[in-house]
Amino acid sequence: MDERFTSRDSVPNIEELIRATPFFNGLPDSVVERATAHIVSRTHPPNQVILLENDWGSSVYFLLEGWVKIRTYNLDGKEVTLNILGSGEIFGEMAALDEVPRSTDVITLAPTTIGNLPAQDFVQLIHTEPLAGIRLAQLMARRLRQVNRRLRLRESDSTSRVADIILFLAEGQGKESPQGIEIPNLPHRELSSLSGLARETVTRVLSKLEKKGLIKRDRETLCIPDINALERLMV
């Protein structure tokens with residue numbers, strides 16, 4: 001398995017990346033320092049399995065750089081992408097809290113740096129720091145809203161569904177640039193799995209959106225010049 005262990009002392013910005021995650025926002029420095037004292041960071045290449053369904057939850061993971069997908073399989077054995085997470089997100093928290101095996105796989109989509117926090121340290125933090133519990137509740141609420149939104153759109157036309165996935169990724173991980181809001185130009189198969197549409201349909205819709213000037217694409221990046229114009233497709 002090709003992965004590299006990273007010392008917090010040897011990479012100065014690891015500490016900054018950990019503290020910059022929304023989960024730790026507003027927590028006292030002393031609390032963050034104590035809670036993250038045992039974090040070990042690892043750098044993974046693209047397309048590497050980080051977690052497997054039914055693994056036991058011995059760690060909670062902070063995504064410091066890169067992208068991962070959350071994957072499961074339907075009854076027919078077809079792969080289903082449940083979510084795509086970018087830097088600042090956490091995963092693996094449910095297995096740590098419930099003390100049950102993990103319910104999904106996690107696979108990297110790009111070079112990715114992840115901080116592993118022992119599950120017992122995470123649970124201790126939730127028990128002793130009220131704001132950490134609030135941050136976790138906010139995370140769960142946001143993910144539930146995203147799932148509800150996508151379920152409502154399952155009956156919508158293909159353009160609305162693809163636009164929703166782009167907006168979903170922009171909301172969570174979009175970066176502002178002079179050209180607009182930028183997200184990674186993910187493979188069409190991932191957008192297909194997220195939207196529930198055939199890959200050919202996703203490709204056709206993306207081309208249509210690009211011709212209308214609603215998105216711009218290059219090899220690495222998908223840019224949304226006017227996010228309000230893309231949102232109007234959803235009305």
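Just so you know, these numbers come straight off a predicted model, no measurement behind them.

Here's the deal with the pattern of salt bridges
Any two side chains of opposite charge can pair if their charged atoms end up close together.
Then, number 1: Tallied over the full model, the rule gives 12 salt bridges.
Then, number 2: Among the ionic pairs, Asp 105 bridges to Arg 71, the shortest N-O distance being 2.9 Å. Residue Asp 105 is found in strand β8 (residues 105–108), and its partner Arg 71 is found in strand β5 (residues 67–73); the two are separated by 34 residues along the sequence.
Then, number 3: Among the residues examined, Asp 105 registers a relative accessible area of 5% and is labelled buried.
Then, number 4: A salt bridge links Arg 143 to Glu 93; its shortest N-O distance comes to 3.2 Å. With Arg 143 in helix α5 (residues 130–152) and Glu 93 in helix α3 (residues 93–98), this pair connects stretches of sequence that are 50 residues apart.
Then, number 5: Residue classification places Arg 143 among the buried residues on the basis of a relative accessible area of 16%.
Then, number 6: For Glu 93, a relative accessible area of 3% gives the class buried.
Then, number 7: A cluster of three or more residues bridged by salt bridges with shared partners is formed by Lys 69, Arg 71, Glu 79, Asp 105, Arg 189 and Glu 190.

Considering the UniProt feature "domain: Cyclic nucleotide-binding" (unreviewed entry) in the protein
Then, number 1: The UniProt entry lists residues 23–143 under the feature "domain: Cyclic nucleotide-binding" (unreviewed entry), expressed in the numbering used here.
Then, number 2: A distance of 14 Å separates the end C-alpha atoms of residues 23–143, which is 31% helix and 36% strand.

Some remarks on the packing of helix α6 (residues 158–173) against helix α7 (residues 188–195)
Then, number 1: Where α6 meets α7, the closest approach of the two axes is 10 Å, and the angle between their N-to-C directions is 105°. As summarised for this structure, α6 and α7 are arranged roughly perpendicular, according to the angle between their axes. Seen from α6, the contacting residues are Arg 161, Ile 165 and Leu 169; seen from α7, they are Leu 191, Leu 194 and Ser 195.
Then, number 2: Each residue belonging to the contact of α6 with α7 can be placed in one class, and the counts come to four nonpolar, one polar and one charged.

Digging into the packing of α7 against helix α8 (residues 199–211)
Then, number 1: Direction vectors running N to C along α7 and α8 enclose 105°, while the axes themselves pass 8 Å from each other. Accordingly, the angle class assigned to the pair α7 and α8 is roughly perpendicular. Facing His 188, Arg 189, Leu 191, Ser 192 and Ser 195 of α7, the residues of α8 in contact are Arg 199, Val 202, Thr 203 and Leu 206.
Then, number 2: Considering only residue class, the contact of α7 with α8 consists of three nonpolar, four polar and two charged.

Observations concerning the sheet that holds β5
Then, number 1: Read across the open sheet, the four strands follow the order β3-β8-β5-β6; overall the sheet is antiparallel. The two strands at the open ends of the sheet, each matched to only one other strand, are β3 (49–51) and β6 (79–86). Going from strand to strand, the sheet's axes swing by 30° on average, the running direction of each strand aside.
Then, number 2: The pairing of β3 with β8 spans two bridges and is classified as antiparallel. Across the sheet, Leu 51 pairs through a bridge with Val 106, a residue of β8.
Then, number 3: Sheet strands touched by α6: β5 and β6. Its angle to β6, the strand with the most contacts, is close to 35°.
Then, number 4: Seen against the sheet, α7 touches β5 and β6 and runs at an angle of roughly 105° to β6.

Here's the deal with the pairing of strand β4 (residues 59–65)
Then, number 1: Judged by how many residues are buried, β4 sits mostly within the fold: six of seven residues are covered.
Then, number 2: Where β4 lies against strand β9 (residues 112–118), six bridges are found, and the strand directions are antiparallel. Note on β9: the bridge partner recorded for Tyr 61 is Asn 116.

The rules behind the values
- Residues numbered from 1 in each chain as written.
- Predicted model: local features only at pLDDT ≥ 70, side-chain atom pairs only at ≥ 80, totals over all residues.
- Heavy atoms only, no water.
- Salt bridge = Lys/Arg side-chain N within 4 Å of Asp/Glu carboxyl O.
- Helix = DSSP H or I, 4+ residues; strand = E, 2+ residues; numbered from the N terminus.
- Buried < 20%, exposed > 50% of the residue type's maximum accessible area, 1.4 Å probe, protein only.
- UniProt positions renumbered as here; feature names shortened; annotations may be inferred.
- Axes fitted to C-alpha atoms, helices over the stretch in contact; angles between N-to-C directions.
- Parallel < 35°, antiparallel > 145°, perpendicular 65-115°, else oblique.
- Contact = heavy atoms within 4.5 Å.
- Nonpolar A, V, L, I, M, F, W, Y, C, P; charged D, E, K, R; others polar.
- Pairing = 2+ DSSP bridges.

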